[in-house]
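What follows is each chain in one-letter form.
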Amino acid sequence: MAEIKKMGYCVNGEWKESKAEKYMDVTDSSTGEVIAQVPCCTPDEVEEAIASAQAAYPEWSALSLAKRQQYMFKWRDILYAHKEELSVLCAKELGKNIKEARGDVQKAIEPTEEACALPTMIQGDAAMQVTTGYDTATYRKPLGVTAGIVPMNFPAMIPWGWMVPLSIACGNTVVLKASSQTPLTSMRIMELFYKEGGFPKGVVNLVTCSRVEADILLTDERVKAVTFVGTTGVGKQVYSKAAAHGKRVQAQCEAKNHALVLEDCNLEATVNAIINSTYGCAGMRCMALPVVCVQESIADEFVALLKKKAEAMKLGCAYDEATDLGPVVNAGHKEKICSWIQKGIDEGAELVLDGRNVVVPGYENGFFVGPTILDHVTSEMTVGNREIFGPVTCIKRVKDYEEGIRVMNANPFANGSCIFTQSGYYSRKFAMETDGGMVGINVGIPVPTAYFPFSGNKDSFFGDLHVLGRDGYRFFTRAKTVTTHWFDEAAGKRKVGTWEGSTEA
């Protein structure tokens, strides 16, 4: 029996025991054992975290760009030094296999490396003599306290890649609401942040709590911006409430990414890419590829090959190097996925491969769902239009490109979309016509590097500026435009106009 650790919360660089009455279980997804409990922090404790960030802000924001950049260079090296430790912890609490967990941690390091480019990326614009005797410059200044509301599926990348590096590099301080289902990776990184990173106390603070307490982050006037990742229903509420209280918001929400497979594709390479994108991370990611629109002329061959390769995947313990497909996060999530599979059958889809009731020897209590394929899914079936967040593939058969793009764009979500074809014509046409914010041409997971924004559309995103890239720097800073005029001997005789130097005839 694994030791059950009782975790606390972190404010002002110190870990504290919560006064919470309720604690939430964290499980080893491969064994089903409870390995830790985290507090449902009280409203006072969330307020304490905000106050800590607010107190740290003046000194941190006053540091030079060069000093903050030096902190980020050091922090990047610390994350690399602990990458394997963090990857094992991520695999254990979440269920993605160890190779995928290493990618999760790497995707926290990548934005940290981007943050090291701070002095270049945060530069504003300037011009001299914009009108006679007047110069104008725009600077980017930090906002203040920012908040991050974290989902369960990327416990390293999302809090410590999307929510922290650019924010603190720009001079802000942060309150993280870590996922209560997968908090341990984020908490361990939090320990390293102060113990080895040496950051000033209060720059980043961490709590775990319910939506009720998290609402404080949306309404407290000290919080200037909120980054949220989660379901669309909650994301809409977060966006509405936080924006109504004058905050900037990035709400990254659900997805139902589609691929369009045309008859001229390289079939073997296409199926390999779809196996990876559909079943990677056990489907628990918003850039999974759960729906494939296949041209009818090759649909039978495609489905047969997909089934063959899916059946060959090795299910196993998440932290076993030989595992291709690990478990899902917990028992409740497994039950949800299995109910969606049954719903697809009830709606009339053909069950080609059933991943329910799989058993992994030695890990009988793990939360495993095997690769599942539902064929002949139509646009009327909810199973093909709603996010399942598990290793389930829905096949929608289409006559040609035109029908395929119509089916794809009819979906309310538009995080990513892909096409598999050898045709340059259809590739370009697809890139122009798809609603997907991130587009793959023979790429199953079109997630860009951190130097570009993670740019979902439609009901997959609410806000104006996306995470990462130049959007990320703009989101975490405000513009300050300064117009300068130095008086000369004739200044006292000059008549000042209504617009005082901003216009000139």
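Look above for the structure.
These numbers come from a predicted model, not from an experiment. (Residues numbered from 1 in each chain as written. Predicted model: local features only at pLDDT ≥ 70, side-chain atom pairs only at ≥ 80, totals over all residues. Heavy atoms only, no water.)

Along the backbone of the protein there are 16 helices and 23 strands. Per-residue burial over the protein gives 57% buried out of 505 residues. Taking contacts inside the protein between residues at least 6 apart in sequence as the whole, the part at least 24 apart equals 73%. A total accessible area of about 21000 Å² is found for the protein, and carbon and sulfur atoms account for 51% of it. Once the 53 positive and 61 negative side-chain charges of the protein are each reduced to a mean point, those two points are 4 Å apart. (Helix = DSSP H or I, 4+ residues; strand = E, 2+ residues; numbered from the N terminus. Buried < 20%, exposed > 50% of the residue type's maximum accessible area, 1.4 Å probe, protein only. Contact = heavy atoms within 4.5 Å. Areas by Shrake-Rupley, 256 points an atom, 1.4 Å probe, with all protein chains shown as cover. Lys, Arg positive; Asp, Glu negative; His and termini not counted. Charge placed at Lys NZ, Arg CZ, Asp CG, Glu CD.)

What follows concerns the packing of aromatic side chains. Per the counting criterion, the structure on display carries 14 aromatic pairs. Arranged with centres 5.1 Å apart and planes meeting at 70°, the rings of Y425 and Y426 form a pair that is edge-to-face. Ring geometry for F475 against F476: centres 5.1 Å apart, planes inclined by 80°, an arrangement best described as edge-to-face. Note on accessibility: F475 and F476 belong to one class, buried. Grouping aromatic residues by their ring pairs yields a cluster made of W60, Y71, W75, W160, F193, Y194 and F199. (Phe/Tyr/Trp six-rings, centres within 6.5 Å; stacked < 30°, edge-to-face > 60°.)

A separate point is the nonpolar core. Within the largest apolar cluster, 63 residues are counted, with the highest numbers of intra-cluster contacts made by W75, W160, W162, I168, L176, F193 and V204. In terms of residues, this core owes the most to one element, helix α8 (residues 184–195), which gives seven residues. Setting aside anything within four residues of it in sequence, one finds L176 in contact with G148, V150, P159, W160, M163, V164, S186, V204, N205, L206 and V207. In this structure, I274, I275, A282 and L315 belong to the second largest nonpolar core, which totals 51 residues. (Core = buried A, V, L, I, M, F, W, Y, C linked by side-chain atoms within 4.5 Å.)

So, on to the environment of E113. Within the secondary structure, E113 sits in helix α4 (residues 98–115). The exposure class assigned to E113 is partly exposed, which follows from its relative accessible area of 24%. Between the alpha carbons of E113 and L262 there is a distance of 38 Å; along the sequence they are 149 residues apart. Discounting chain neighbours no more than four positions away, the residues touching E113 are R76, Y80 and Y451. Within the structure, the side chain of E113 is placed 3.0 Å from the side chain of R76, a separation counted as a polar contact. (Polar contact = N/O pair within 3.5 Å; in protein donor to acceptor, adjacent residues only side chain to side chain.)

Two modes of strand pairing occur in sheets, parallel and antiparallel, and in both the strands are linked by backbone hydrogen bonds. In space, the three strands of this open sheet follow the order β1-β5-β4, with mixed pairing throughout. Looking at which strands have only one partner, the edges of the open sheet turn out to be β1 (5–6) and β4 (23–27). Where β4 lies against strand β5 (residues 34–39), five bridges are found, and the strand directions are antiparallel. Bridged to Y23 within β5 is P39. (Pairing = 2+ DSSP bridges.)

Attention shifts here to the state of the cysteines. Tallied over the entire structure, the rule returns zero disulfides. Free cysteine C41: the closest other cysteine sulfur is in C209, separated by 6.4 Å. On the basis of relative accessibility, which here comes to 0%, the residue C41 falls in the buried class. Here C90 stays unpaired: no disulfide links it, and the sulfur of C281, its closest cysteine neighbor, is 8.3 Å away. A residue is classified by how much of its surface remains accessible, and C90, at 0% relative accessible area, is buried. (Disulfide = S-S within 2.5 Å.)

Computed from the structure, the largest pocket encloses a volume of approximately 910 Å³. P151, V229, G230, T231 and V234 are the residues nearest the centre of the largest pocket, which is lined by 35 residues in total. At the level of secondary structure, the elements contributing two or more residues to the lining of the largest pocket comprise α9 (211–219), β11 (223–229), α10 (232–244) and α13 (331–347). The element best represented in the lining of the largest pocket is α9, accounting for five residues. Residue composition of the lining of the largest pocket, grouped by class: 17 nonpolar, ten polar and eight charged. (1 Å grid on protein atoms, 1.4 Å probe; cavity = no way out; pocket = protein on both sides within 12 Å on 5 of 7 lines; lining within 4 Å. Points joined across faces, edges and corners; volume = space filled by probe spheres on them. Nonpolar A, V, L, I, M, F, W, Y, C, P; charged D, E, K, R; others polar.)

Everything listed is a geometric property; what it means functionally is a separate question.
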